[in-house]
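Descriptive structure summary
For reference, the chains in residue letters:
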Amino acid sequence: MTAVDPTLIDDLDARGLIAQMTGEDQLRSWLADGSRTLYCGFDPTADSLHIGSLVPLLTLRRFQQAGHKPLALVGGATGLIGDPSFKAQERKLNTPDIVANWVEKLKQQVSRFIDFGSAENSAEVVNNLDWTEKLNVLDFLRDVGKHFSINNMIQKESVKQRIDREGAGISFTEFTYMILQSYDFAELYKQHNCTLQIGGSDQWGNITGGIDLARRMYGGQVFGLTLPLVTKSDGTKFGKTESGTIWLDPAKTSPYAFYQFWLNTADADAYKFLRYFTFLSVADIDAIEAADNAAEGRPQAQGILAREVTKLIHGEEGLIAAERITAAMFSGELSDLSESDLEQLKLDGLPSSDLDLSTLSDTPLTTLLADCGMAKAGREVKDALGRNAVFINGEAKGASDNMNAAASFSVANALYSRFFLVKLGKKKNHLFEIAG
RNA sequence: GCAGGGGUUCCCGAGUGGCCAAAGGGAUCAGACUGUAAAUCUGACGCGCAAGCUUCGGUGGUUCGAAUCCACCCCCCUGCACCA
């Protein structure tokens, strides 16, 4: 039997990672007394997870490090239905082939965060479609549905607003989601002796549903633990930026952009995020906070956070690439960059595109920079030009340069006759390479 | 099905014949201040370098002129009825 770390719950608690749990004392001793199997579900709602799923994902890993066996459940079945929990509106159903495709991608992604190789508590990925697919309706209704009381289900906070609220409503399909997820827990209890489900705090209703079902169907005593929803001090939504969601897939959010996201964390959130998203000890994080408070000026927390999380998600190479670009864009002199440095930045994931000089004469900068994705619309570029906040190879451009892109992008001005590094505002950079 | 309420620019939400690309707030972008932070202040915020162009559920109409008026249609909500 694998040795377990009995302080796990205390550590999670100290990190602020426990929103709710069932049978606290019982659960503590249950986890302290032996290696247990737990699971967390991830529904395929896109072709990649985003940082919203990071807290549960990393928590699975914390359990594994403490000697427990994690199961990552990918919701091939539940993804076909859609979880109504705290959703304001009914969602559109995705087609089975799309969901199946996403399931495959999530399986691979999830696999990188927990350890499958080694020990007795090696992780597994399971798919609830495997046991739901062959279930027929009548059996489901008789064997599973009988254990659920509609009276209880409509009391759940997670669906209450959909039931009470004007203008929303809930379909039978989504309403049934809770039953499906409950069935997962019961099934995992039977198949894997899985006795704990973790998830975001929005999953509480679904988790307690599963606990009841496992008891009713198999007489099993199982537990639930939920993790807090990540919030930001300024009240805006965590995990989104102007350019959209922060994904875990490096093809969707480059390690550089990922690193920058964490680096830009507000002071008020930085230490909380260190506790949530890194494996640094709580004592170390407290020490960092104390040191930052004592010091003048810029805190070190964001840098540590960005490094730790980027390394966790994108590995050492991803981190190095992100730091290389950051150094070049925010501190380095352009003249310090060698030709191969520039080539490397492009490979590292600095946004870049090819430039055809021959078509430049009638293209305003506003169009050019909006099209390459630096700004959402020409208007933003225009605004920046009006404030001399556009730099091409370090040279400030103003409104009068707008119609004269050809002069700004001339071979003579190019770095190594090939590259243009364009900066819009303080934080947006783009590398152009002369095509051909 | 009947009655009533409603569909406005990313979101919330004003606007009921011209002064409306459409108040206000949020989100977002840029600038100042800083520390690639927060707060604050400034500017931008349908598209377009511009001239100008395209919007207010849809289609048609009235009018010199419509988000605003009329007709029909679609969708949502609330009652009631129908169904059982």
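Residues numbered from 1 in each chain as written. Chains lettered and ligands numbered in written order. Predicted model: local features only at pLDDT ≥ 70, side-chain atom pairs only at ≥ 80, totals over all residues. Heavy atoms only, no water.

**A word on the overall build of chain A**
Going by this rule: Numbering goes from the N terminus for both helices and strands, where a helix is a DSSP run of H or I of at least four residues and a strand is a run of E of at least two. With a 1.4 Å probe rolled over the protein chains alone, any residue whose accessible area is under 20% of its type maximum counts as buried; one over 50% counts as exposed, and the rest are partly exposed. Contacts are assigned to residue pairs that have any heavy atoms within 4.5 Å of one another. All tallies of charge rest on Lys and Arg as positive and Asp and Glu as negative; His and the ends of each chain are not included. Note on charges: their place is set at NZ of Lys, CZ of Arg, CG of Asp or CD of Glu.
Assigned secondary structure in chain A consists of 20 helices and 13 strands. For chain A, the spread of C-alpha atoms along the three principal axes comes to 80 × 50 × 40 Å. Out of the 436 residues in chain A, the part that is buried amounts to 48%. In chain A, of all internal contacts separated by at least 6 residues, the share reaching a separation of at least 24 is 74%. Taking the average location of the 43 positive side-chain charges in chain A and that of its 57 negative ones, the two points are 5 Å from each other.

**Brief notes about the sheet that holds strand β13 (residues 428–434)**
Here is the rule we go by: Following DSSP output, two strands are said to pair if at least two bridges run between them. A fitted line through C-alpha atoms serves as each axis, taken over the contacting stretch for helices, and the angle formed by two N-to-C directions is quoted from 0 to 180°.
Taken in spatial order, the five strands line up as β9-β13-β12-β10-β11 in an open sheet, and their pairing is mixed. Two strands bound the open sheet, and with one partner strand each, they are β9 (352–355) and β11 (395–397). Strand-to-strand twist of the sheet, defined as the mean angle between neighbouring strand axes without regard to direction, takes the value 30°. One ladder, built from three bridges, connects strand β10 (residues 390–392) with strand β12 (residues 419–424); its direction is antiparallel. Across the sheet, the residue bridging to Ile 392 is Val 422, located in β12.

**Digging into the protein's contact with RNA strand B**
We count it as follows: Whether a residue is near a molecule or strand is decided by its heavy atoms; if any one of them lies within 4 Å of it, the residue is near. For the purposes of these results, a polar contact is taken to be a pair of N or O atoms within 3.5 Å, where, inside protein, one atom must be able to donate a hydrogen and its partner to accept one; residues adjacent in sequence count only when each atom of the pair is a side-chain atom. The classification used treats Ala, Val, Leu, Ile, Met, Phe, Trp, Tyr, Cys and Pro as nonpolar, Asp, Glu, Lys and Arg as charged, and all other residues, Gly among them, as polar.
Close to RNA strand B lie 35 residues; Asn 264, Asp 267, Thr 326, Thr 366 and Lys 426 are nearest. Sugar and phosphate atoms represent 61% of those atoms of RNA strand B found within 4 Å of the protein. One of the side-chain nitrogen or oxygen atoms of Thr 367 is found 2.7 Å away from a phosphate oxygen of RNA strand B. Separating a sugar or linking oxygen of RNA strand B from a side-chain N or O atom of Lys 376 is a distance of 3.0 Å. It is helix α19 (residues 378–386) that contributes the most residues to the surface near RNA strand B, five residues altogether. Counted by class, the surface near RNA strand B contains ten nonpolar, twelve polar and 13 charged residues.

**Observations concerning the pattern of salt bridges**
Going by this rule: Just to be clear on terms, a salt bridge is a Lys or Arg side-chain nitrogen sitting within 4 Å of an Asp or Glu carboxyl oxygen.
The tally for this structure, following the rule as stated, stands at 18 salt bridges. Here Lys 107 ties to Glu 104 by a salt bridge, and the two come within 3.6 Å at their closest N and O atoms. Of this pair, Lys 107 and Glu 104 are both found in helix α5 (residues 96–111), three residues apart, which corresponds to roughly one turn of the helix. Exposure remark for Glu 104: the relative accessible area of 38% places this residue in the partly exposed category. By sharing partners, the salt bridges in this structure join Glu 339, Glu 343, Lys 346, Asp 354, Arg 418 and Glu 433 into a single network.

**So, the packing of aromatic side chains**
Centre distance and the angle of the planes are the two values used to describe a pair of aromatic rings. Filter applied, for reference: Within 6.5 Å between ring centres, the rings of Phe, Tyr and Trp (the latter by its six-membered ring) count as paired, and their orientation is classed by plane angle as stacked under 30 degrees, edge-to-face over 60, tilted in between. When the NZ atom of lysine or the CZ atom of arginine is within 6 Å of a ring's centre and also within 35 degrees of its normal, the charge is said to sit over that ring.
Applying the stated rule across the entire model yields 15 aromatic pairs. Relative to Phe 277, the ring of Phe 273 has its centre 5.6 Å away and its plane inclined at 85°; by these criteria the two rings are edge-to-face. Highlighted residues: Phe 273 and Phe 277, both in helix α14 (residues 267–277), separated by four residues, approximately one helical turn. The class of Phe 273 is buried, set by a relative accessible area of 2%. Taking the relative accessible area as the measure of exposure, Phe 277 reaches 0% and is therefore buried. Ring centres of Tyr 276 and Phe 277 lie 6.0 Å apart, and the angle between their planes is 70°; on these two criteria the pair is classed as edge-to-face. Among the aromatic residues, ring-to-ring pairing joins Phe 238, Phe 258, Phe 261, Trp 262, Phe 273, Tyr 276 and Phe 277 into one connected group. Geometry around Phe 279 places Arg 61 over its ring, the cationic atom sitting 5.1 Å from the centre.

**A short note on the pairing of β13**
Buried residues dominate β13, accounting for six of its seven residues. Bridge analysis of β12 against β13 gives six bridges, and the strand direction is antiparallel. Bridged to Lys 423 within β13 is Asn 429. Turn length for the β12-β13 hairpin, with the two strands adjacent in sequence and antiparallel, is three residues, and the turn residue Gly 425 shows positive phi of about 70°.

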